[in-house]
Amino acid sequence: NAGVIQTPRHKVTGKGQEATLWCEPISGHSAVFWYRQTIVQGLEFLTYFRNQAPIDDSGMPKERFSAQMPNQSHSTLKIQSTQPQDSAVYLCASSLDLQQNTLYFGAGTRLSVL
Amino acid sequence: QQKVQQSPESLSVPEGGMASLNCTSSDRNFQYFWWYRQHSGEGPKALMSIFSDGDKKEGRFTAHLNKASLHVSLHIRDSQPSDSALYFCAASFITGNTGKLIFGLGTTLQVQP
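Residues numbered from 1 in each chain as written. Chains lettered and ligands numbered in written order. Predicted model: local features only at pLDDT ≥ 70, side-chain atom pairs only at ≥ 80, totals over all residues. Heavy atoms only, no water.

So, the overall build of chain B
Part 1 of the reasoning: When its secondary structure is counted, chain B shows zero helices and 11 strands.
Part 2 of the reasoning: Since a compact globule built from 113 residues should have a radius of gyration of about 13 Å, the 14 Å found for chain B is in line with a globular shape.
Part 3 of the reasoning: The dimensions of chain B, computed from C-alpha atoms along their principal axes, are 45 × 30 × 20 Å.
Part 4 of the reasoning: For chain B, the proportion of its 113 residues judged to be buried stands at 49%.
Part 5 of the reasoning: Here chain B contributes 10 positively and 9 negatively charged side chains, and the mean placements of these two sets differ by 6 Å. (Helix = DSSP H or I, 4+ residues; strand = E, 2+ residues; numbered from the N terminus. Rg over C-alpha atoms; globule rule 2.2 N^0.38 Å. Buried < 20%, exposed > 50% of the residue type's maximum accessible area, 1.4 Å probe, protein only. Lys, Arg positive; Asp, Glu negative; His and termini not counted. Charge placed at Lys NZ, Arg CZ, Asp CG, Glu CD.)

A word on the interface of chain A and chain B
Part 1 of the reasoning: Facing the 23 residues of chain A at the interface are 21 residues of chain B.
Part 2 of the reasoning: Roughly 1700 Å² of surface becomes buried between chain A and chain B when both sides are summed, with 53% attributable to carbon and sulfur atoms.
Part 3 of the reasoning: In this structure, the connection of chain A to chain B is made through one salt bridge.
Part 4 of the reasoning: With a closest N to O distance of 3.0 Å, K100 of chain B and D56 of chain A form a salt bridge.
Part 5 of the reasoning: The interface formed by chain A and chain B includes seven residue pairs in polar contact (both at pLDDT 80 or more). (Contact = heavy atoms within 4.5 Å. Buried area = accessible area lost by both parts, 1.4 Å probe. Salt bridge = Lys/Arg side-chain N within 4 Å of Asp/Glu carboxyl O. Polar contact = N/O pair within 3.5 Å; in protein donor to acceptor, adjacent residues only side chain to side chain.)

Concerning the pattern of salt bridges
Residue and element names in this part refer to chain B.
Part 1 of the reasoning: Taken as a whole, this structure holds nine salt bridges over all chains when the rule is applied.
Part 2 of the reasoning: Two residues, E42 and K45, come together in a salt bridge whose shortest N-O distance is 3.3 Å.
Part 3 of the reasoning: For R60, the salt bridge goes to D83, with nearest N and O atoms at 2.8 Å. Of this pair, R60 sits in the loop between β6 (54-58) and β7 (61-66) while D83 sits in the loop between β8 (71-76) and β9 (85-93), and the two are 23 residues apart along the sequence.
Part 4 of the reasoning: Each of the salt bridges in this network shares a partner with another, and the network as a whole consists of R37, R60 and D83.

Regarding the layout of surface pockets
Part 1 of the reasoning: In this model, the largest pocket occupies a volume close to 550 Å³.
Part 2 of the reasoning: Contributing to the lining of the largest pocket are 24 residues, with Q37, I39 and R110 of chain A together with Q38 and L86 of chain B lying nearest its centre.
Part 3 of the reasoning: Of the residues that constitute the lining of the largest pocket, the class distribution is eight nonpolar, 12 polar and four charged. (1 Å grid on protein atoms, 1.4 Å probe; cavity = no way out; pocket = protein on both sides within 12 Å on 5 of 7 lines; lining within 4 Å. Points joined across faces, edges and corners; volume = space filled by probe spheres on them. Nonpolar A, V, L, I, M, F, W, Y, C, P; charged D, E, K, R; others polar.)

Here it is in structure tokens:
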């Protein structure tokens, strides 16, 4: 079991460009989560899916961020018109199910917006 | 205001010593708690969960939960240099949308050889 796989590990974009981050959850896990980590804000919840259906996107900045889960083996987080304040480590996690289940995190994608 | 608050922000203990980390929730709807640990360059990894009042021990790690005061603690005995990391307390709701975890800002633990 390779765990949660996130690609790329590092991404550098110019201001205004688009960034797409990829996540492959652990096989058999039904829930996939996206978090953003910064020094100031810590680990911020963005969104999650259960059985590929979006359940809660309450943490997503509405205008430029979007997440999809087209199949059970991968999810994407897309940021349009990136801004310097989007610079962070974006973490994907999966869990066997909801309710008292542990989240397993990937190593993250470090996004740097110049 | 953070709904899950951790203290101290940083902690230094000698190798072999005891490290004690604290976490308090401001939302009585939080009922399930976890401790996660993150080493530099890696994602957070779950250390242990605690859902019932009292103590839960796993090896050198002991968690304590008091639901009445919404306080959870983590105690690491015989601390090792490899325990040096960022420790997060996380909580989830007992009802409704129970999937997501809300994390505290973390406690940085440094174990001095």
